[in-house]
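Remarks on the overall topology
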Amino acid sequence: MDTDRRLRTGEDIALNKAGTDIEALTPSGKAYRPININHYATKKSAAQSMLDVALLMANSSQLKTVLFVGPHYRFYVPLIVLLSLSITLQVVVGLLLVFIGK
């Protein structure tokens, strides 16, 4: 097979062809498979979504703490405004991504 010859001789193999399932054996006998870009993008999107949820939870926790401390705290009003703005923007961006993704 042409692909096996290229792997053995060290020639470059194009990985950008759609639908190529090149599976060959390395000299150690292990199977070599190219990177599945779609799988990588899915994992990256899932990780980014988890980070977005973590940020939203951290902001809501900080807002709860500021509200619990009360108005005698020095930065009470700026923190309320900034945390509320951050949470609102996160919700808006999340909703936009849901509707744009459809």
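Residues numbered from 1 in each chain as written. Predicted model: local features only at pLDDT ≥ 70, side-chain atom pairs only at ≥ 80, totals over all residues. Heavy atoms only, no water.

Quick look at helix H2 (residues 37-69)
Short version of the rule: Helix and strand definitions follow DSSP, with helices as H or I runs of at least four residues and strands as E runs of at least two, each counted in order from the N terminus. Multiplying 1.5 Å by the helix residue count minus one yields the expected span of that helix. Exposure categories follow from relative accessible area, calculated using a 1.4 Å probe and restricted to protein chains: below 20% of the type maximum is buried, above 50% is exposed, and the middle band is partly exposed. What makes two residues a contact is simply this: any of their non-hydrogen atoms within 4.5 Å.
The end-to-end C-alpha distance of H2, which contains 33 residues, comes to 48 Å, matching closely the 48 Å that a straight helix rising 1.5 Å per residue would cover. Among the residues making up H2, those that are buried are Asn59, Leu63 and Val66. For H2, the elements touching its buried residues are helix H3 (76-101). Positive phi appears at Gly70, one or two residues downstream of H2, with a value of about 105°.

Some words on the confidence of the model for the protein chain
Applicable threshold: The predictor attaches a confidence to each residue, and that confidence, scored 0 to 100, is pLDDT.
Mean pLDDT over the protein chain stands at 79; residues scoring 70 or higher make up 68%. For the protein chain, helix H1 (residues 2-9) is the element with the lowest average pLDDT, namely 55, and H3 is the one with the highest, namely 92.

Quick look at the nonpolar core
What counts here: Throughout this description, the term nonpolar core refers to a set of buried Ala, Val, Leu, Ile, Met, Phe, Trp, Tyr and Cys residues connected via side-chain atoms within 4.5 Å.
One finds Leu63, Val66, Tyr76, Ile80, Leu83 and Ile87 forming the largest nonpolar core, which totals six residues. Sort the elements by how many residues they give to this core and H3 lands first, with four residues. Residues contacting Leu63, with those up to four places away along its chain left out, are Ile80, Leu83, Ser84 and Ile87.

Details of the packing of aromatic side chains
Our working rule: Centres within 6.5 Å make a pair out of two Phe, Tyr or Trp rings, where for Trp the six-membered ring is used; the pair is then stacked when the planes are under 30 degrees apart, edge-to-face when over 60, and tilted otherwise.
What the rule picks out here adds up to one aromatic pair. Between Tyr73 and Phe75, the ring centres sit 6.4 Å apart and the planes meet at 70°, which makes this aromatic pair edge-to-face.

Description of a nonpolar patch on the surface
Put simply, the test is: By definition, no residue in a patch forms a salt bridge, and every one has over 30% relative accessible area; like charges are joined within 9 Å, nonpolar side chains (Val, Leu, Ile, Met, Phe, Trp, Tyr) within 5 Å. Residue burial considers only the protein chains on display, and all accessible areas are found by Shrake-Rupley using a 1.4 Å probe. The working definition used for a salt bridge is a side-chain nitrogen of Lys or Arg within 4 Å of a carboxyl oxygen of Asp or Glu.
A surface patch of nonpolar side chains, about 450 Å² in accessible area, is lined by Leu56, Val91, Leu95, Val98 and Phe99. Considering each element in turn, the nonpolar patch owes the most residues, four residues, to H3. Residue placement: Leu56 occurs in helix H2.

Here's the deal with the side chain of Asn59
Here Asn59 shows up in helix H2. Residue classification places Asn59 among the buried residues on the basis of a relative accessible area of 8%. Aside from chain neighbours lying at most four places away, what touches Asn59 is Leu83, Ser86, Ile87 and Gln90.

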